[in-house]
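Notes for the structure review
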Amino acid sequence: MTEPPPFDASFQIDQGALVKAVELLATHAPLGEGPDLAKLPSKLPSVGVDETALVSALAKLVLSGGFDLGGPVSFAHMDPPTPWLTWVMTLWNARLNQNLLHPATSPSARLLEERVVSWLAPYFGMSGGHMVPGSTTANLTALWAARDVGGATEIVASDTAHVSIEKSARILGLPFRRLPTDETGRLIADSVKNVENACLVLVAGTTSTGAIDPLSLSGRAAWTHVDAAWAGPLRLSDHYTSRLDGIEAADSVAVSAHKWLFQPKESALIFFTDTQAANAALSFGGAYLAAPNIGLLGSHGAAAVPLLAMLMAWGKQGLADRLDRCMAAAASFASFVKGEERLELLGEPHTGVVVWRPRNVDIDMFYASLPSGLASQTSIRGSRWLRCVAANPNTDIDAVIAAVREAISRVY
């Protein structure tokens with residue numbers, strides 16, 4: 001008679017340890033100091049340590065060592081803070097480890113994703129789609145459909161399109177043609193010619209400047225894809241939805257949920273006008289599959305769970321209120337820059353991205369005088385600029401302006 005396997009406590013519930021972990025989560029604020037790697041073994045340990053003690057030991061390394069995306073002057077990147085509800089849902093996801101490849105291993109998670117997609121797709125004029133880990137994957141999926149459904153024989157995009165567009169063209173074996181943009185990074189409409197057999201990629205919120213390409217061009221090519229990774233959620237704001245008018249005429253739309261939908265990494269959506277045709281082209285079967293595997297991913301987790309929870313908690317209006325707050329912060333900061341003679345504004349922030357710089361002073365010296373996380377740097381037409389992004393609804397714009405004024409007083 002064989003002996004039963006030893007009891008493995010690592011796979012059981014340690015309620016005390018979990019409570020301790022949540023307490024650490026609540027008390028260890030991100031300080032952005034980076035990890036003290038001297039406290040980590042240089043080689044894989046041959047013998048493990050107590051798990052509960054390890055949680056406490058790692059709190060400073062992981063939690064305090066992170067950057068605070070929700071801080072009062074966090075205004076530099078397209079990475080938002082996440083609502084606490086998404087932390088809970090992400091913990092639940094890790095507990096269950098559902099695999100959406102198989103209905104049997106995700107009896108509810110697959111249905112929850114379908115429901116979230118059905119809520120959001122109509123705002124973009126799309127019929128459906130699915131979730132992916134990020135907009136690089138979303139863009140690749142869309143361009144794959146453009147080739148196999150739309151018959152596109154080349155990819156055409158602006159010279160400020162995200163690097164994932166050119167990556168996708170290479171992966172798919174399609175030629176990539178760049179089109180010129182104006183000084184704000186927006187595609188010049190008159191340059192869009194001979195696209196009858198192409199996939200035309202339009203950007204709704206370029207990375208450097210937040211520019212929106214002329215979405216009225218949708219439908220001119222064999223396939224139109226809108227990379228709305230950044231600005232897409234503005235479709236849910238009554239105040240700013242019109243800035244993306246024309247997106248509904250596209251064949252596919254990508255949206256980064258881990259940007260302006262305030263989700264944890266890695267979370268994005270790809271939507272299609274004709275989801276049935278797209279799914280047919282992107283589906284694969286196998287002896288071990290009980291349902292078709294649609295899209296690029298095989299095994300993948302339940303990223304829709306935290307998104308569904310947040311959308312239910314906030315509703316459309318709650319999400320829109322936070323987006324409007326972000327947009328108002330960007331407008332206030334841009335107004336300050338315009339009124340300060342020692343600063344230069346590239347252009348009005350149409351999607352919460354403010355591009356600016358100091359006049360007649362070394363930009364590195366000025367940047368170094370700003371608080372960490374207030375601004376980032378970018379290069380536009382070979383010229384360097386500072387960039388602020390309104391991804392944080394809790395940005396204290398008065399504190400941001402005060403910090404910039406202090407930098408001006410030190411540098412000039």
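What comes next concerns the included structure. All of these numbers come straight from a predicted model, not from anything done at the bench. (Residues numbered from 1 in each chain as written. Predicted model: local features only at pLDDT ≥ 70, side-chain atom pairs only at ≥ 80, totals over all residues. Heavy atoms only, no water.)

Quick notes on the environment of Asp-364
The line we're drawing: Strands here are runs of E lasting at least two residues and helices are runs of H or I lasting at least four, both read from the DSSP assignment and numbered beginning at the N terminus. Here a polar contact means two N or O atoms within 3.5 Å. Within protein one must be a hydrogen donor candidate and the other an acceptor candidate, and residues neighboring in sequence count only if both atoms are side-chain atoms.
Within the secondary structure, Asp-364 sits in helix H9 (residues 363–368). Through-space distance from the C-alpha of Asp-364 to that of Val-117 is 43 Å; in sequence the pair is 247 residues apart. Among the polar contacts made by the side chain of Asp-364, one reaches the side chain of Arg-384 at a distance of 2.4 Å.

Re the layout of surface pockets
Empty space left among the atoms is revealed by rolling a probe the size of a water molecule over them. In plain terms, the rule: Cavities and pockets are found on a 1 Å grid laid over the protein atoms alone: a cavity is a set of points where a 1.4 Å probe fits but cannot escape, a pocket is an open set with protein on both sides within 12 Å along at least five of seven lines, and a lining residue has an atom within 4 Å of such a point. Grid points are joined across faces, edges and corners, and a volume is the space filled by probe spheres set on the points.
Approximately 430 Å³ is the volume attributed to the second largest pocket. Considering the residues around the second largest pocket, the lining is formed by 24 residues, among which Glu-113, Glu-114, Gly-129, His-130 and Ile-294 are closest to the centre. For the lining of the second largest pocket, the secondary-structure elements that each account for two or more residues are helix H4 (109–120), strand S1 (128–132), helix H5 (135–148), helix H7 (275–282) and strand S9 (293–294).

Things to note about a nonpolar patch on the surface
Spelled out, the test is: Here the term patch refers to residues with relative accessible area over 30% and no salt bridge, with like charges joined within 9 Å and nonpolar side chains (Val, Leu, Ile, Met, Phe, Trp, Tyr) within 5 Å. Computed with the Shrake-Rupley method and a 1.4 Å probe, the accessible areas treat only the protein chains shown as cover for residues. Salt bridge, as applied in this entry: a Lys or Arg side-chain nitrogen positioned within 4 Å of an Asp or Glu carboxyl oxygen. In this scheme, a residue with accessible area under 20% of its type's maximum is buried, one over 50% is exposed, and one in between is partly exposed, where area comes from a 1.4 Å probe on protein chains only.
On the surface, a nonpolar cluster with roughly 520 Å² of combined accessible area is contributed by Leu-37, Leu-40, Val-49, Leu-54, Leu-58 and Val-62. Its location among the elements puts Val-49 in the loop between helix H1 (15–27) and helix H2 (51–64). You can call Val-49 exposed: its relative accessible area is 58%.

Focus on the pairing of strand S7 (residues 268–272)
In terms of burial, S7 is largely enclosed, as five of its five residues are buried. Residues of S7 alternate between two faces, with Ala-268, Ile-270 and Phe-272 on one and Leu-269 and Phe-271 on the opposite face, all of them buried.

Notes on the nonpolar core
Selection criterion: In these notes, a set of buried Ala, Val, Leu, Ile, Met, Phe, Trp, Tyr and Cys residues joined through side-chain atoms within 4.5 Å is what counts as a nonpolar core.
In terms of nonpolar packing, the biggest core is built from 82 residues, with Val-253, Phe-271, Phe-333, Trp-356, Phe-366, Leu-374 and Val-404 touching the most fellow members. The biggest single contributor to this core is helix H8 (residues 304–339), with 15 residues. In terms of nonpolar packing, the next biggest core, distinct from the first, is built from 26 residues, Val-132, Ala-142, Trp-144 and Val-201 among them.

Details of the packing of H5 against helix H6 (residues 163–172)
Quick note on the threshold: Inter-axis angles, ranging from 0 to 180 degrees, are taken between N-to-C directions of lines fitted to C-alpha atoms, where helices are fitted over the stretch in contact. Orientation categories follow fixed angle ranges, with anything under 35 degrees roughly parallel, anything over 145 roughly antiparallel, 65 to 115 roughly perpendicular, and all other angles oblique. Handedness of each helix crossing follows the sense of rotation of the near helix against the far helix: counterclockwise by less than a right angle gives left-handed, clockwise gives right-handed. Any two residues having at least one pair of non-hydrogen atoms within 4.5 Å are treated as being in contact. Here the term charged refers only to Asp, Glu, Lys and Arg, the term nonpolar to Ala, Val, Leu, Ile, Met, Phe, Trp, Tyr, Cys and Pro, and the term polar to all other amino acids, Gly among them.
Following both chains from N to C, one finds H5 and H6 inclined at 45°, their axes separated by 9 Å at the closest point. Between H5 and H6, the angle is such that the two are oblique. Relative to H6, the crossing made by H5 is right-handed. Between H5 and H6, the residues in contact are Ser-135, Thr-136, Asn-139, Leu-140, Leu-143, Trp-144 and Arg-147 and Ser-164, Ile-165, Ser-168, Ile-171 and Leu-172, respectively. Grouping the amino acids of the contact of H5 with H6 by side-chain chemistry returns six nonpolar, five polar and one charged.

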